[in-house]
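# Structural description and commentary
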Amino acid sequence: MQRRTFIQNTVLTFGALTLAQKNLLSSFFEDPWKITMLTNDIGIFEEKGGTIAFMLSKKGIVVVDSQFPDQSRHLIDELKKKSEKPFKLLINTHHHFDHTAGNISFKGIVDHVLAHENSLKNQKNVAITNKTEDKQLYPDQTFTETWCQKVGKETICLSYYGSAHTNGDSYVHFQHANIVHCGDLVFNRRHPYVDRSAGANMKSWMQVLDKALNKFDRETKYVFGHAGTGYEVTGKADELNKFRDYLGNVLKFVEGEIKAGKTKDEILKATLIPGGEEWKTDGIQRPLTAAYEELTTK
Ligand SMILES: [Zn+2]
Ligand SMILES: [Zn+2]
């Protein structure tokens, strides 16, 4: 049933309910999205898809990733309540549709869309294959290694360190606030999607995480694309270290199984990665498959 229809049908009988029932019902109607401010002007938006970050400034609003069209519309409405400034920049950490499908909601209202050059290529390839080009808002600005711009009192820098979750993942650093959006470079205690069709590589991914750990400091706060149930989509260097070690453990485990003569099907039956006990979510076959293919493809 549509939420609105349900509300209309329910309002008629609302007066007859007990207070406890009313409270229960109210909680059901709470916004399905959640906004958490990390500083006075930088926050995150969670609803469905990869975590969105946003920054309010006197020079305009900056948004990192866009989830899906409905989710972006929810975000845009909320940000309009917080600021009268225009949308200056939409950044995509990478091309996956749970981070870029909502771009279309920014059509005509954002000055520029920015992503790594490979992210744009990947987004186009997928849209052409799926015949969804009319549903895309593509980046009109791309970069190769680094990109920096001052927006109000904040300086935003994007860095690209090579293949990882795809071949087009950026770190987005809000330097003054010392907050980094990692996109899907970090799945916090959740088995990752490893998109080999878009150039992902797990060994290189570990190095890309090391690059961030060297570049950013102990105080840096990170925003993650996804997290396992009960875990946060923000964290510190500890989470990056843990995720890098997890990727190493997956590769080590699969390599050992291959050496022991196990077939791919036998390896995929594993339910736990030794050393990766905190990763308890579904989807363990995804990194196992990717590791197997990476280790057996020349
Ligand atoms: Zn994602
Ligand atoms: Zn992704």
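Everything numeric in this text was worked out from a predicted model, so none of it was measured.

We now examine the coordination of the zinc ion (ligand 1). Protein-derived coordination of the zinc ion (ligand 1) comes from Asp 98 (OD), His 99 (NE2), Asp 184 (OD) and His 226 (NE2), at a distance range of 2.1 to 2.2 Å. Seen from the zinc ion (ligand 1), its 4 donor atoms lie at angles of 89 to 161°, and the figure they make is irregular. Counting residues between consecutive donors of the zinc ion (ligand 1) along the chain gives the motif D-H-x84-D-x41-H. Between the zinc ion (ligand 1) and the zinc ion (ligand 2) the interatomic distance comes to 3.5 Å, and Asp 184 is a ligand of both metals. Pair noted here: His 99 is in helix α4 (residues 97-100) and Asp 184 is in the loop between β11 (179-181) and β12 (187-188), with a separation of 85 residues, a long-range link.

Another point: the sheet that holds strand β4 (residues 61-64). Spatial strand order, β1-β2-β3-β4-β5-β6-β7: 7 strands in an open sheet with mixed pairing. Each edge of the sheet is formed by a strand with only one pairing partner; in this case those strands are β1 (34-37) and β7 (141-143). Shown here is a sheet whose adjacent strand axes are inclined to one another by a mean of 20°, direction ignored. Across 4 bridges, strand β2 (residues 42-46) lies against strand β3 (residues 52-55) in antiparallel orientation. Opposite Ile 44, over in β3, you have Ala 53 as the bridge partner. On top of the sheet, helix α5 (residues 117-130) reaches β6 (110-116) and β7; it is set at about 100° to β6, its chief contact.

Moving on to the packing of helix α6 (residues 202-215) against helix α7 (residues 237-259). Running from N to C, α6 and α7 point in directions that differ by 160°, and their axes come no closer than 10 Å. Looking at the two axes, α6 sits roughly antiparallel to α7. In the packing of α6 onto α7, the handedness of the crossing is left-handed. For the pair α6 and α7, the contacting residues are Met 202, Lys 203, Trp 205, Met 206, Leu 209, Asp 210, Ala 212 and Leu 213 in the first and Ala 237, Leu 240, Asn 241, Phe 243, Arg 244, Leu 247, Gly 248, Val 250 and Leu 251 in the second.

Now for the coordination of the zinc ion (ligand 2). Protein coordination of the zinc ion (ligand 2) is provided by His 94 (NE2), His 96 (ND1), His 165 (NE2) and Asp 184 (OD), with donor distances spanning 2.1 to 2.2 Å. One can describe the donor arrangement at the zinc ion (ligand 2) as irregular, given that its 4 donor atoms subtend angles of 88 to 165° at the metal. Positions of the donor residues of the zinc ion (ligand 2) along the chain correspond to the pattern H-x1-H-x68-H-x18-D.

Cut-offs and rules
- Residues numbered from 1 in each chain as written.
- Chains lettered and ligands numbered in written order.
- Predicted model: local features only at pLDDT ≥ 70, side-chain atom pairs only at ≥ 80, totals over all residues.
- Heavy atoms only, no water.
- Donors = N, O, S within 2.8 Å, 3.2 Å for Na, K, Ca; no water.
- Tetrahedral: all angles 85-135°; square planar, octahedral: opposite > 155°, others 65-115°.
- Helix = DSSP H or I, 4+ residues; strand = E, 2+ residues; numbered from the N terminus.
- Pairing = 2+ DSSP bridges.
- Axes fitted to C-alpha atoms, helices over the stretch in contact; angles between N-to-C directions.
- Contact = heavy atoms within 4.5 Å.
- Parallel < 35°, antiparallel > 145°, perpendicular 65-115°, else oblique.
- Left-handed = near helix turned anticlockwise from the far one by under 90°.

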